[in-house]
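Now for the letters of each chain:
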Amino acid sequence: MSVLPLVFTSGWASGINAYAVVLLLGVFGATGLTDEVPASLQRTDVLVVAGVLFLCEAVADKIPYVDSAWDTVHTVIRPVAGAVVAALLAGESGSLPELAAGAVGGSTALMSHLVKAGTRMAVNTSPEPFSNIGVSLAEDLGVAGIITFAVFNPVAAAVVAAVLLLLGLVILLFLASRIRRFLRRRAQRREERNLAGAGGHRPPG
């Protein structure tokens, strides 16, 4: 069977939490639950680094505004991770050219990352922090569930991931006004910090 469904699903999940994808696939491969995972993802050093970074993301992802800053940093990291994981999966199975797999994984990761980042901006317009925690937990559980499902039923998991991606894009359109409000608020805070900094370094006289 073609590895394309697993490539697509891992790309979608990488756009939300790339470290969880690497960690889960590596553990599933190392424990023998699947033969689709390349040896490079099963290495102990890779699993340790992925685990540490996953814990860092688990904390940062639940703090208002810190989560959006984290998403900004990962605008490049998540699509690249999705492309690399997809290429490695394709190279392991030999049923799909690695370049094509990387393109699918990377582009899917970019789209799901944009959905995640935009949704977080909208959530951050809420004054209370509990919505961030709830959304973050839902994302973590969703990634864990869909990757686990993909190991045992890749086609069905890919269908679920595609539906979630489409739903996310539709929701993003409805949240556009909140996202603009978040961006205005962030720009205002940046301007206030710049003014405060300039006021603190006025020349004497």
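Scroll up a little and you will see the structure.
Below or above, wherever it landed, is the structure these notes cover. (Residues numbered from 1 in each chain as written. Predicted model: local features only at pLDDT ≥ 70, side-chain atom pairs only at ≥ 80, totals over all residues. Heavy atoms only, no water.)

## Observations concerning the layout of surface pockets
To keep things clear, this is the line we draw: Computed over the protein atoms alone on a 1 Å grid, cavities are sets of points where a 1.4 Å probe fits but cannot get out and pockets are open sets with protein on both sides within 12 Å along at least five of seven lines; a residue lines them when it has an atom within 4 Å of a point. Grid points are joined across faces, edges and corners, and a volume is the space filled by probe spheres set on the points. Secondary structure elements follow DSSP: runs of H or I no shorter than four residues count as helices, runs of E no shorter than two count as strands, and numbering proceeds from the N terminus. Classification used: nonpolar for Ala, Val, Leu, Ile, Met, Phe, Trp, Tyr, Cys and Pro, charged for Asp, Glu, Lys and Arg, polar for all others including Gly.
Here the largest pocket defines a volume of roughly 390 Å³. Around the largest pocket sit 16 residues that line it, and Trp12, Ile16, Val115, Glu139 and Gly168 are the ones nearest its centre. Of all the elements in the fold, those that place two or more residues in the lining of the largest pocket are α1 (4–30), α4 (98–123), α5 (130–152) and α6 (154–174). Across the lining of the largest pocket, the residue classes tally to ten nonpolar, four polar and two charged. Taken together, 14 residues make up the lining of the second largest pocket; nearest its centre are Tyr19, Val22, Leu41, Ala81 and Val85. Per-element tally for the lining of the second largest pocket: the top contributor is helix α3 (residues 66–93), with six residues. Tallied by class, the residues present in the lining of the second largest pocket amount to 14 nonpolar, no polar and no charged.

## As for α3
Basically, it comes down to this: To estimate how far a helix should reach, multiply one less than its number of residues by 1.5 Å. Bend is computed residue by residue as the angle between axes fitted to the seven residues ending at the residue and the seven residues starting at it.
Between the first and last C-alpha of α3 there are 38 Å, a value that for 28 residues agrees with the 40 Å anticipated at 1.5 Å per step. The principal kink in α3, of about 55 degrees, is found at histidine 74. Just beyond α3, the residue with positive phi is glycine 94, at close to 75 degrees.

## Concerning the nonpolar core
To be explicit about the condition: Residues belong to one nonpolar core when they are buried, are Ala, Val, Leu, Ile, Met, Phe, Trp, Tyr or Cys, and are joined through side-chain atoms within 4.5 Å. Throughout, exposure labels follow a simple rule: accessible area from a 1.4 Å probe, protein chains only, divided by the maximum for the residue type, with under 20% read as buried, over 50% as exposed, and the rest as partly exposed. Only heavy atoms enter the contact rule, under which two residues are in contact if any of them lie within 4.5 Å.
Judged by nonpolar contacts, the single largest core of 34 residues is most densely connected at Val3, Val7, Trp12, Ala13, Val143 and Ile147. Looking at this core, the elements with two or more residues in it are α1, α3, α4, α5, α6 and α7 (176–199). The biggest single contributor to this core is α1, with ten residues. With residues up to four places along the chain from it excluded, the contact list for alanine 13 reads Ala18, Val21, Val143, Ile146 and Ile147.

## Description of the packing of α1 against α3
Selection rule: Every axis in this analysis is a line fitted to C-alpha atoms, fitted for helices over the stretch in contact. Angles between the N-to-C directions lie between 0 and 180 degrees. Angle categories are assigned with fixed cut-offs, so that under 35 degrees is roughly parallel, over 145 is roughly antiparallel, 65 to 115 is roughly perpendicular, and the rest are oblique. Two helices crossing with the near one rotated counterclockwise from the far one by less than a right angle form a left-handed crossing, whereas a clockwise rotation gives a right-handed crossing.
Relative orientation of the contacting elements α1 and α3 amounts to 110 degrees, with a least axis distance of 8 Å. Viewed along their axes, α1 and α3 adopt a mutual orientation that is roughly perpendicular. Judged by the sense of rotation from one axis to the other, the crossing of α1 with α3 is right-handed. Residue-level contacts link Leu6, Val7, Ser10, Ser14, Gly15, Ile16, Ala18, Tyr19, Val22 and Leu25 of α1 to Trp70, His74, Ile77, Arg78, Ala81, Gly82, Val85, Ala86 and Leu89 of α3.

## What about the side chain of serine 112?
Which entries qualify depends on this criterion: Under the rule applied, a polar contact is a pair of N or O atoms within 3.5 Å (in protein, one hydrogen donor and one hydrogen acceptor; residues adjacent in sequence only if both atoms are side-chain atoms).
By the element assignment, serine 112 lies in helix α4. A distance of 3.1 Å separates a polar side-chain atom of serine 112 from the backbone oxygen of alanine 109. Setting aside anything within four residues of it in sequence, one finds serine 112 in contact with Gly11, Trp12, Gly15, Ile16 and Leu165.

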